[in-house]
Amino acid sequence: MARLILNSAVIPQPGVYEYRYLSVEEAQDWLKNGPYQSSLRYDETADAMEKLLGVRPVVVRRVAHLPRGDEALESRLKMSVSAAHKLKLTSDQIAENAEIGLLTRIK
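What counts as what
- Residues numbered from 1 in each chain as written.
- Predicted model: local features only at pLDDT ≥ 70, side-chain atom pairs only at ≥ 80, totals over all residues.
- Heavy atoms only, no water.
- Pairing = 2+ DSSP bridges.
- Helix = DSSP H or I, 4+ residues; strand = E, 2+ residues; numbered from the N terminus.
- Contact = heavy atoms within 4.5 Å.
- Axes fitted to C-alpha atoms, helices over the stretch in contact; angles between N-to-C directions.
- Core = buried A, V, L, I, M, F, W, Y, C linked by side-chain atoms within 4.5 Å.
- Buried < 20%, exposed > 50% of the residue type's maximum accessible area, 1.4 Å probe, protein only.
- Salt bridge = Lys/Arg side-chain N within 4 Å of Asp/Glu carboxyl O.

This part is about the sheet that holds strand 3 (residues 37-38). Spatial ordering of the open sheet is given by 2-5-4-1-3, a layout of 5 strands whose pairing is mixed. Among the strands making up the open sheet, the edge pair consists of strand 2 (17-21) and strand 3. The sheet contact formed by strand 2 and strand 5 (residues 98-105) spans 5 bridges and is antiparallel. Residue pairing in the sheet places Y19 in a bridge with L103 of strand 5. Running at roughly 130° to strand 1 (residues 3-6), helix 1 (residues 24-32) makes contact with strand 1, strand 2, strand 4 (71-77) and strand 5 of the sheet.

A few words on the nonpolar core. Among the nonpolar cores identified, the biggest contains 18 residues, and I5, L53, L73 and I100 are the most heavily contacted of them. Every element with two or more residues in this core is listed here: helix 1, helix 2 (43-53), strand 4 and strand 5. The contact partners of I100, leaving out residues within four places of it in the chain, are Y19, R20, Y21, L22, S23, V24, A27, L52, L53, L73, E74 and S75. Of all hydrophobic cores here, the second largest spans 7 residues; its members include L6, Y17, A64 and L66.

Here the focus is the side chain of T104. The topology assignment puts T104 in strand 5. Since its relative accessible area comes to 16%, T104 is described here as buried. The contacts of T104, once residues within four sequence positions are left out, are V16, Y17, E18, D70 and E71.

In this section: the pairing of strand 4. Judged by how many residues are buried, strand 4 sits mostly within the fold: 6 of 7 residues are covered. Pairing analysis gives 4 bridges linking strand 1 to strand 4, with the strands arranged parallel. Along strand 4, the bridge assignment pairs I5 with L73. Sheet topology note: the strand 4/strand 5 ladder contains 7 bridges and is antiparallel. Its bridge partner lying in strand 5, S75 is registered against I100.

In this section: the environment of R76. Relative to the helices and strands, R76 is located in strand 4. Looking at R76, the relative accessible area reads 35%, which means it is partly exposed. For the pair R76 and L22, spaced 54 residues apart in the sequence, the C-alpha separation amounts to 12 Å. Once residues lying within four places of it in the same chain are set aside, the contact partners of R76 are N7, S8, N97, A98 and E99.

Going through the model one piece at a time under the given rule, you end up with 5 salt bridges. Taking the shortest distance from any N to any O, the salt bridge between R3 and E71 comes out at 3.6 Å. Separated by 68 residues along the polypeptide, R3 in strand 1 and E71 in strand 4 bring together distant segments of the chain. Take R3: its relative accessible area is 10%, and that puts it in the buried class.

This is the structure:
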């Protein structure tokens, strides 16, 4: 089973998926519980994730594939990442404006 980090809640290819919200603590546990590959495309997204979760994923501009059984940690700010970066939001402010989820491909 592969584990990925993605920019936002996206469906990388056709299939059947399960998506559930995670708390910051659950996302931190997910990061600690095994290796993962980053598919983050922007430094600002990695910066925001570092403030939010305490881990800075590498920035790798690649197309993500999620075969059956794989899962992806996804985070999304309710504002643009570049706006959050320019405003120099604190980790608490990012947490208030973030949605974190886990996407698992079923079929």
